[in-house]
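Secondary and tertiary structure notes
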Number of protein chains: 2
Amino acid sequence: MDKVRLQKYAGLIVRSGINPSAGQPVVITAGLEQPEFTRMVVEECYKAGSGEVVVNFTDMTIDKYAQIYQNEETLSTLPAWDRARWQWMTEKFPARIWLDSDDPDGMAGIDQEKYSRTFSRKVKEIKRYRDVIENRHQWCIAAVPGEAWAVKVFPGVPASEAVEKLWEAILSASRANGDPIANWDEHNKVIHARCEKLNKYKFRQLRYKSANGTDFTVGLMAEGIFCGAAETDLSGRVFNPNIPSEEVFTTPKKGEADGLLVSTKPLSWQGTLIEDFSIRFENGKAVEVKAAKGETALRKMIAIDENAPYLGECALIGKNSPVNNSGILFYNTLFDENASCHVALGRGFDNCVENYEKYSKDELKALGVNDSVIHVDFMIGSDDLEITGVTCNGSEIKVFENGEWSI
Amino acid sequence: MDKVRLQKYAGLIVRSGINPSAGQPVVITAGLEQPEFTRMVVEECYKAGSGEVVVNFTDMTIDKYAQIYQNEETLSTLPAWDRARWQWMTEKFPARIWLDSDDPDGMAGIDQEKYSRTFSRKVKEIKRYRDVIENRHQWCIAAVPGEAWAVKVFPGVPASEAVEKLWEAILSASRANGDPIANWDEHNKVIHARCEKLNKYKFRQLRYKSANGTDFTVGLMAEGIFCGAAETDLSGRVFNPNIPSEEVFTTPKKGEADGLLVSTKPLSWQGTLIEDFSIRFENGKAVEVKAAKGETALRKMIAIDENAPYLGECALIGKNSPVNNSGILFYNTLFDENASCHVALGRGFDNCVENYEKYSKDELKALGVNDSVIHVDFMIGSDDLEITGVTCNGSEIKVFENGEWSI
């Protein structure tokens, strides 16, 4: 891929993505697939005035070996050196970047039982630190092609060509061609205007209907707001947590979700692909799941903790989003969630409550913000999807018709 | 490179190199250049019965950016998360593997003044932990080709070909062809027999002479012994700290070194190449240095702490070693030190004192074991090198003649 284009993309991730303050440390988590690009991002951070940049390189194969060979005690425990890293983050509030290049099938074949038993124990320890960090500092997830991922998205072409094609797809879906920073300034205006419009309706319910079987109603909090694209952290720094980001989203009210949601895209969870699945909800809770492939992983995911079967997010994306128009199935949530209306099981977003910083964590929970160790999006947008908003006085507004915005 | 040959090399590094005990954690430090091989080493560790394997991936370009862009305070400080990692090592005693693929010129152009000011402060913090770990657990340094390194060693051929040639050179110099573990069992017998022979002489001095100008005498401790190849840690585990390792070495007596040593190979120190240099000693101390290239780096290195100008090692290697016979200049100490007699500035080895575990650190220092934050080898082996050993009763034994063993 052309170096100048990559440099601009690195600049987008750093300047629009995390927007580091002077001297702020940055933590980058990256795979081994694109060292040159990772180096560009590091240098961009320094040029943008950041303090020390710490890069944690990870590798899915090595993670898979850990799953296969380590005993349950080791897998369940947060090692002292890793705990210290989390502790450091709760003190220094580094900006964080993830450069995702994961193989969607990278963990296929692992013992799902062992994985979820140990993951659920370990992630509880991590959550203590994550709760302190949340909304305190900027973060950004963006993607770079990994070879296994590229070959999955573009089968039948040589690996190096698939990687190039995936670079093109990523840059295009991420609005990173031309002048990426100007693109995102413009894009943020559009998304923020849409949020404003939605927030004026003060919806208390959303009703979803599609010929694929989806027939579903979810309650929204009176204090809830729709957010999208650029956010502002508690210190006032504006950042873009997801590149790309086409969605407008809110956190639904825990306990109010009923009916059936039918998935419209596969879901890769922790390296295991889950396909053609549906979830039925009663009183906010997923009570029945079916999947043509990966049903065990799906069941284990929902059983991670007591709040994993409850929803944490409802996101709206018109079917004419650039990601969807590309016609590419990315097998990666960062992209596929921006091609399609989706909901998330698990943790909700505190900042989808207006003036959330004035509430305690317990007050936010009481309002209806779900809390779980997981937050997993799955796609429910179909070409004929109809979404109706119900306001506090009972009037019904058609929000989506035939899979596209109608307001 | 052929996968089966690499698998055998990975097996050598794990089983002969670190020889992990059941459940013992392993820490691997590796560059980004050979992810496939690093994964093989990880899996070999687990198959050999190790506990968790932690891989710290590092990158010289990212380290160089840190040198360029970070302020002195940040560079001088051991971050809390890194300190915790060291602390963890002093409690768990993991076996450690380094897979070296460094570009010999990788740090060229950095501000040497800034580097040594900050490095000397930071490394003092690390030394506290390193002193606890020393001799307590197994470790092994081995090499894998990096592209920049390969192109430096084999200029004028395409990079991918240079990498293949460097793989061949590494495997051959490391006695890793055929049955590597059997090769090393045999090789260890030869080296240990040579140590035994030398130790019977109880030399008090070594005298070096070469037509290149080397004319040098160094004192040895009465309690000193020659070691080489496989060592035994304090828990009784046998391991091979260096792959390759052709040398027989001892720690000289601090304060007894006089005369001139002329380098016979370039030295890459922290990514800066130092070439055609000589060092003059008086009463054990380097008092004058000259270098055609990299003299600043050499001066800074010697000024790191008060004991850096004193010697910590004298190593003997006949000129017919496989590394030297390859005719390849590796620009990497792990190899070049095994092609040539050398000495090291800085820290000596406690375990070159007989029954060293019975002495305190202070007692070892009093015997003459030098202590410094650095330990840097440089090569002095020439084709005509003559080394004479002087025993406690004054008899002179010719140890080397024309650059080769004569005993």
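Cut-offs and rules
Residues numbered from 1 in each chain as written. Chains lettered and ligands numbered in written order. Predicted model: local features only at pLDDT ≥ 70, side-chain atom pairs only at ≥ 80, totals over all residues. Heavy atoms only, no water. Pairing = 2+ DSSP bridges. Helix = DSSP H or I, 4+ residues; strand = E, 2+ residues; numbered from the N terminus. Axes fitted to C-alpha atoms, helices over the stretch in contact; angles between N-to-C directions. Contact = heavy atoms within 4.5 Å. Buried < 20%, exposed > 50% of the residue type's maximum accessible area, 1.4 Å probe, protein only. 1 Å grid on protein atoms, 1.4 Å probe; cavity = no way out; pocket = protein on both sides within 12 Å on 5 of 7 lines; lining within 4 Å. Points joined across faces, edges and corners; volume = space filled by probe spheres on them. Nonpolar A, V, L, I, M, F, W, Y, C, P; charged D, E, K, R; others polar. Parallel < 35°, antiparallel > 145°, perpendicular 65-115°, else oblique. pLDDT = per-residue confidence, 0-100. Polar contact = N/O pair within 3.5 Å; in protein donor to acceptor, adjacent residues only side chain to side chain. Phe/Tyr/Trp six-rings, centres within 6.5 Å; stacked < 30°, edge-to-face > 60°. Lys NZ or Arg CZ within 6 Å of the ring centre and 35° of its normal. Buried area = accessible area lost by both parts, 1.4 Å probe. Salt bridge = Lys/Arg side-chain N within 4 Å of Asp/Glu carboxyl O.

This part takes up the sheet that holds strand β4 (residues 139-143) of chain B. Residues and elements named next belong to chain B. One open sheet holds the 4 strands; their spatial order is β2-β1-β3-β4, and the pairing between them is parallel. If you trace the sheet from one side to the other, it starts and ends with β2 (53-57) and β4, each paired once. Here the strands of the sheet are splayed against their neighbours by 15° on average, with no regard to which way each runs. Relative to β4, strand β3 (residues 95-100) is paired through 5 bridges, and the arrangement is parallel. Of the residues in β4, the one forming a bridge with Arg-96 is Trp-139. Across the sheet, helix α2 (residues 35-47) lies against β1 (26-30), β2 and β3, angled at about 160° from β2, the strand it touches most.

Residues and elements named next belong to chain A. Within the secondary structure layout, Ser-160 lies in helix α8 (residues 159-173). Using a relative accessible area of 57% as the deciding quantity, one classes Ser-160 as exposed. Between the alpha carbons of Ser-160 and Glu-147 there is a distance of 7.5 Å; along the sequence they are 13 residues apart.

Next up on the list: the side chain of B:Thr90. Take B:Thr90: it is sitting in helix α5 (residues 80-92). When sequence neighbours within four positions are dropped, the list of residues in contact with B:Thr90 reads B:Tyr129, B:Val132 and B:Ile133.

With that settled, the discussion passes to the layout of surface pockets. All names here are of chain B. Computed from the structure, the second largest pocket encloses a volume of approximately 440 Å³. Secondary structure elements with two or more residues in the lining of the second largest pocket: α9 (180-201) and β7 (231-232). Per element, the largest residue contribution to the lining of the second largest pocket is 5 residues, and it comes from α9. Here the lining of the second largest pocket is built from residues that sort into 9 nonpolar, 7 polar and 4 charged.

So, on to the packing of helix α1 (residues 3-18) of chain A against helix α9 (residues 180-201) of chain A. Residues and elements named next belong to chain A. In the contact formed by α1 and α9, the axes pass within 9 Å of each other and the chain directions differ by 45°. Classed by the angle they form, the pair α1 and α9 counts as oblique. Contacts from Lys-8, Gly-11, Leu-12, Arg-15 and Ser-16 of α1 reach α9 at Pro-180, Ile-181 and Trp-184. Residue composition of the contact of α1 with α9, by class: 4 nonpolar, 2 polar and 2 charged.

This brings us to the pairing of strand β14 (residues 311-316) of chain A. Residues and elements named next belong to chain A. Counting buried positions along β14 yields 6 of 6 residues, so the element is predominantly enclosed. Relative to β14, strand β9 (residues 248-250) is paired through 3 bridges, and the arrangement is antiparallel. Pairing of Thr-250 across the sheet is with Cys-314, part of β14. Bridging between β14 and strand β15 (residues 342-346) involves 4 bridges; their strand directions are antiparallel. Of the residues in β15, the one forming a bridge with Leu-311 is Leu-345.

Averaged over every residue, the pLDDT of chain A is 95; residues scoring 70 or more account for 100%. Listed scores for the predicted complex are pTM 0.90 and ipTM 0.89.

All names here are of chain B. With respect to the secondary-structure elements, Ser-372 resides in the loop between α13 (361-367) and β16 (375-379). Judged by relative accessible area, Ser-372 falls into the buried class, the value being 1%. Within the structure, the side chain of Ser-372 is placed 3.1 Å from the backbone nitrogen of Ile-374, a separation counted as a polar contact.

Further remarks concern the packing of aromatic side chains. Taken as a whole and judged by the stated rule, the model has 37 aromatic pairs over all chains. Pairing A:Tyr69 with B:Tyr46 gives two aromatic rings, centres 5.3 Å apart and planes at 10°, and the pair type is stacked. With A:Tyr69 in helix α3 (residues 60-69) and B:Tyr46 in helix α2, this pair bridges two chains. Using a relative accessible area of 31% as the deciding quantity, one classes A:Tyr69 as partly exposed. For B:Tyr46, a relative accessible area of 6% corresponds to the buried category. Connected via pairs of aromatic rings, a cluster forms that spans A:Tyr9, A:Phe37 and A:Trp167. The positively charged end of A:Lys152 is found above the aromatic ring belonging to A:Tyr331, 4.9 Å away from the centroid. Cation over ring: A:Lys254 sits above A:Tyr310, and NZ or CZ is 4.7 Å from the ring centre.

Time to look at the interface of chain B and chain A. Between chain B and chain A, the contact holds 26 residues from the first and 26 residues from the second. Where chain B abuts chain A, roughly 2700 Å² becomes buried across the two surfaces, and 71% of that area is made up of carbon and sulfur atoms. Taken together, chain B and chain A are joined by 2 salt bridges. Here A:Asp59 makes a salt bridge to B:Arg39, at a shortest N to O gap of 2.6 Å. Here chain B is connected to chain A by 8 residue pairs in polar contact (both at pLDDT 80 or more). Breaking the side of chain B that touches chain A down by element, the ones donating at least two residues are α2, β2, α3 (60-69) and α5 of chain B.

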